[in-house]
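Here is how the chains run, residue by residue.
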Amino acid sequence: MNRHQFLLAFSCASVLTLSAFTLPNKTLDDRDTPYLTKKFSGGISAVRAETSGGSLTVEGGSGKEARVEMYVHPNNWNGRNNLDKDELEDRLKDYDISIAKEGSTLVATVKRRNNNSNDRATDRWQRSLSISFKFFTPRNVTTDLRTSGGSIHLSALTGNQRFRTSGGSLHLNDIEGSVNGQTSGGSIHADRIRQTESDGGIDLQTSGGSIEATASSGKLRLHTSGGSIKLADLKGDVDAQTSGGSVQGNNIDGDIKASTSGGSVRLANVAGSLDASTSAGSVEVSLTKLGEYVRLNTSAGSIRVNMPLNKGMDLNLSGNRVNLPDNLSRFEGNVEKDRVRGKLNGGGIAVNMTANSGSVSINR
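The rules we used
- Residues numbered from 1 in each chain as written.
- Predicted model: local features only at pLDDT ≥ 70, side-chain atom pairs only at ≥ 80, totals over all residues.
- Heavy atoms only, no water.
- Phe/Tyr/Trp six-rings, centres within 6.5 Å; stacked < 30°, edge-to-face > 60°.
- Buried < 20%, exposed > 50% of the residue type's maximum accessible area, 1.4 Å probe, protein only.
- Lys NZ or Arg CZ within 6 Å of the ring centre and 35° of its normal.
- pLDDT = per-residue confidence, 0-100.
- Contact = heavy atoms within 4.5 Å.
- Helix = DSSP H or I, 4+ residues; strand = E, 2+ residues; numbered from the N terminus.
- Core = buried A, V, L, I, M, F, W, Y, C linked by side-chain atoms within 4.5 Å.
- Arc of directions from axis to C-beta.
- Pairing = 2+ DSSP bridges.

Visitor: Hey, could you run me through the packing of aromatic side chains in this one?
Guide: In this description, an aromatic ring pair is defined by two values, namely the gap between the centres and the angle between the planes. Throughout the structure, instances matching the rule amount to one aromatic pair. Ring geometry for Phe133 and Phe135: centres 6.3 Å apart, planes at 40°, overall tilted. Each member of the pair, Phe133 as well as Phe135, is classed as buried. Across from the ring centre of Phe136, 4.0 Å away, lies the NZ or CZ of Arg67, which sits over that ring. Arg295 extends its terminal NZ or CZ atom over the ring of Tyr293, reaching a point 3.9 Å from the ring centre.

Structural data, given as structure tokens:
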């Protein structure tokens, strides 16, 4: 089967909605050149895509038209950086590929065929391809994306976004709506994500990388099992947890829970309730405004806090040494070298700090 016959074969499912397709004139080793481009007319409100060896990208815009680009390359791990056209088209026969418009949804899927039960695993591995898709859509679009071998990029979209990858990073920029994304083998970068009142929040998870979230608002859940977490300019409730790195943040307006089993916690300019803990480092925080509670705990380091002391508080502080401001007034309770318990300004906000093997210092 020649190349033209192959393209007609896998595009027949969408022939009624296909307005145009173009093929590149550049060589196939140019990674910036799409193997196939399809254009679709208006009425697009969703994208659904699934591929096993490539990345997925969705970029929103202001127009009503939509475009899908498909990129095909040999997998890097099979020892080849590029293929000639004949070999590439021969390998594509191992795949069922569909690019279509179903109602108002753009659908692109790739599935590997099992042509012969006697195929050796090494043969299939050596012939494997990385097939990626880029979608260019209107802004008001929801997504449902799956890939087991590539990264996912989303930008300039309004709507609910759901996506999963087992082998790549997640990149999000300028998203308004709910976000639910997971990766088992990459980092997460989120910038300008805004939860609306009617959606389900922002939930991002990775088992093998770091997380960075900036200039975002809403209810954020950021979890990783194998990397650090960096936060900046966030507004709303934040749940940031890692088992293998530090947690750092700056300019957080809202309640925050930050925990790590493998690093320090450093948060600056927090306005809200704070719950921070670590099993293997220090805790250093500054609060510009207190919420309903302050809970800080470390098993292997010290705690250092700067915060307003003009509110009523119930203090419960313990460590190898507890250091309070010299001019602390309106305090009633017990002050010992390693323990402070009592009421400040008549009591009120629960302030609990415990350093099992270090000191606790407030405004020192």
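And the narrative resumes.
Visitor: Could you clarify how one ought to interpret the confidence of the model for the protein chain in this entry?
Guide: For any part of a model where pLDDT is low, the fine detail of the predicted coordinates should not be relied upon. On average, the protein chain scores 87 in pLDDT, and the residues at 70 or more come to 86%. Between residues 1-30, whose pLDDT stays under 50, and residues either more than four places distant or in other chains, the model counts 54 contacts.

Visitor: Can you walk me through the environment of Met353 in this structure?
Guide: You can see Met353 is positioned in strand 29 (residues 349-355). For Met353, a relative accessible area of 0% translates into the label buried. Placed 49 residues apart in sequence, Met353 and Arg304 show a C-alpha to C-alpha distance of 9.8 Å. Beyond its immediate sequence surroundings of up to four residues, Met353 is in contact with Val294, Leu296, Ile303, Val305, Met307, Asn316, Leu317, Ser318, Val360 and Ile362.

Visitor: I tried to follow the nonpolar core on my own but got confused; where do I start?
Guide: What tends to happen in soluble globular proteins is that the nonpolar side chains get buried as a cluster. One finds Ile131, Phe133, Leu231, Leu267, Leu296 and Met353 to be the most contacted residues of the largest nonpolar core, which totals 81 residues. With six residues, the top contributor of residues to this core is strand 23 (residues 283-298). Setting aside chain neighbours within four positions, we find Leu267 in contact with Val247, Gln248, Gly249, Ile252, Ile256, Ala258, Leu274, Glu284, Val285 and Ser286.

Visitor: Looking at this structure, how should I read helix 2 (residues 85-92)?
Guide: Because each turn of an α-helix spans 3.6 residues, side chains separated by three or four positions end up pointing in the same direction. Buried within helix 2 are the following residues: Leu88, Glu89, Arg91 and Leu92. The buried residues of helix 2 occupy an angular sector of 160° when the element is viewed end-on, so they sit on one face.

Visitor: How should the pairing of strand 3 (residues 46-51) be read in this particular structure?
Guide: Within a regular strand, side chains alternate between the sheet's two faces. Where strand 3 meets strand 7 (residues 105-112), five bridges bridge the pair, whose relative direction is parallel. Along strand 7, the bridge assignment pairs Arg48 with Val107. Relative to strand 9 (residues 142-147), strand 3 runs parallel, the two sharing six bridges. From the neighbouring strand, Glu50 faces strand 9, where its bridge partner is Arg146.

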